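# Observations on the three-dimensional arrangement
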Amino acid sequence: QVQLVESGGGLVQAGGSLRLSCAASGRTFSDYGMGWFRQSPGKERDFVAAITWNGGSTNYASSVKGRFTISRDNAKNTVYLQQNSLKPEDTAVYYCAATKRYSSSFYWEYDYWGQGTQVTVSS
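Here we summarise the structure given alongside this text. These numbers were taken from a predicted model, which means no experiment stands behind them.

### A look at the overall build of the chain
On a plain count of helices and strands, the chain comes out with zero helices and 11 strands. Put simply, the chain runs from its N terminus to its C terminus through helices and strands in the order β-β-β-β-β-β-β-β-β-β-β. The C-alpha radius of gyration computed for the chain amounts to 13 Å, which stays within 12% of the reference 14 Å derived for 123 residues, consistent with globular compactness. Projected onto the principal axes, the alpha-carbon positions of the chain cover approximately 40 × 30 × 25 Å. Within the chain, the fraction of its 123 residues that count as buried is 44%.

If you want it as structure tokens, here you go:
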């Protein structure tokens, strides 16, 4: 089994920054593509960003491209989401996920999920 634990969420003002972290268990972290999704109350779970097994390729939702950066450190079994220029519409619970695929932007193609970390951006 794979366990994922998110951290780094919090309350920030619009225009501020946060760095979310996702710590993964196990010894095969580098075998998984990793992604970040977000969900706000009453809305669908939306794709945010993804990164391939070795970090060689990334993909972003259009709503966050240029503001968010996904990265991974396989030696630390950790994936990050740097969030800059945050907007109130970024407010959501952010979930880290792992897929056995090379990469994916679809939540149903991910195999393991963390419990989420809350990001709240005030106007």
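Moving on from the model shown.
### Digging into the state of the cysteines
A full pass over the atoms with the stated rule returns one disulfide. Note on cysteine connectivity: Cys-22 is disulfide-linked to Cys-96, with sulfurs 2.0 Å apart. On the S-S bond that ties Cys-22 to Cys-96, the torsion sits near -80°, and the link is left-handed. In this pair, Cys-22 sits in strand β3 (residues 18–24) while Cys-96 sits in strand β9 (residues 92–99), placing the two residues 74 residues apart along the sequence. Take Cys-22 and Cys-96: they sit in the same class, and that class is buried.

### Some words on the packing of aromatic side chains
A complete count under the given rule lists eight aromatic pairs for this structure. Ring geometry for Phe-37 versus Trp-113: centroids 5.1 Å apart, planes at 55°, classification tilted. Of this pair, Phe-37 sits in strand β4 (residues 33–39) while Trp-113 sits in strand β10 (residues 112–113); the two residues are 76 residues apart in sequence, bridging distant segments of the chain. Given the relative accessible area of 24%, Trp-113 is considered partly exposed. Seen in terms of ring centroids, Tyr-107 and Trp-108 are 5.1 Å apart; in terms of plane orientation they differ by 80°. Their pairing is edge-to-face. Accessibility expressed as a relative area gives 43% for Tyr-107, which makes it partly exposed. Assessed through its relative accessible area of 55%, Trp-108 is described here as exposed. Through a chain of ring-to-ring contacts, the aromatic side chains of Phe-37, Phe-47, Tyr-110 and Trp-113 assemble into a single cluster.

### Observations regarding the sheet that holds strand β8 (residues 78–83)
Pairing is antiparallel in the open sheet, where four strands are placed in the order β1-β3-β8-β7. Only two strands of the sheet have a single partner each, and these edge strands are β1 (4–7) and β7 (68–73). With direction set aside, neighbouring strand axes in the sheet form an average angle of 15°. Sheet topology places β1 next to β3; four bridges connect them, and they run antiparallel. Each residue of the ladder has a partner; that of Glu-6, found in β3, is Cys-22.

Procedures and definitions
- Per chain, residues are indexed from 1 in the order of the written sequence.
- Local features are withheld for residues below a pLDDT of 70 in this predicted model, meaning they are given only at 70 or higher, and side-chain atom pairs are given and counted only at 80 or more; totals for whole chains, interfaces and linings count all residues.
- Excluded from the side-chain calculation are hydrogens and water; included are all heavy atoms of the structure.
- Segments assigned H or I by DSSP are reported as helices when at least four residues long, segments assigned E as strands when at least two residues long, and all are numbered from the N terminus.
- Every radius of gyration here is taken over C-alpha atoms, with the globule rule written as 2.2 Å times N^0.38, N being the number of residues.
- Note on classification: 1.4 Å probe, protein chains only; a residue is buried when its accessible area is under 20% of the maximum for its type, exposed when over 50%, partly exposed between these limits.
- Defined by distance alone, a disulfide is two cysteine sulfur atoms within 2.5 Å.
- Put simply, two rings from Phe, Tyr or Trp (the six-membered ring, in Trp's case) pair if the centres are within 6.5 Å, and we call them stacked under 30 degrees between planes, edge-to-face over 60, tilted for the rest.
- Strands are labelled as partners when DSSP assigns at least two bridges between them.
- Lines fitted to C-alpha atoms define the axes, with helix axes restricted to the stretch in contact, and inter-axis angles between N-to-C directions lie between 0 and 180 degrees.

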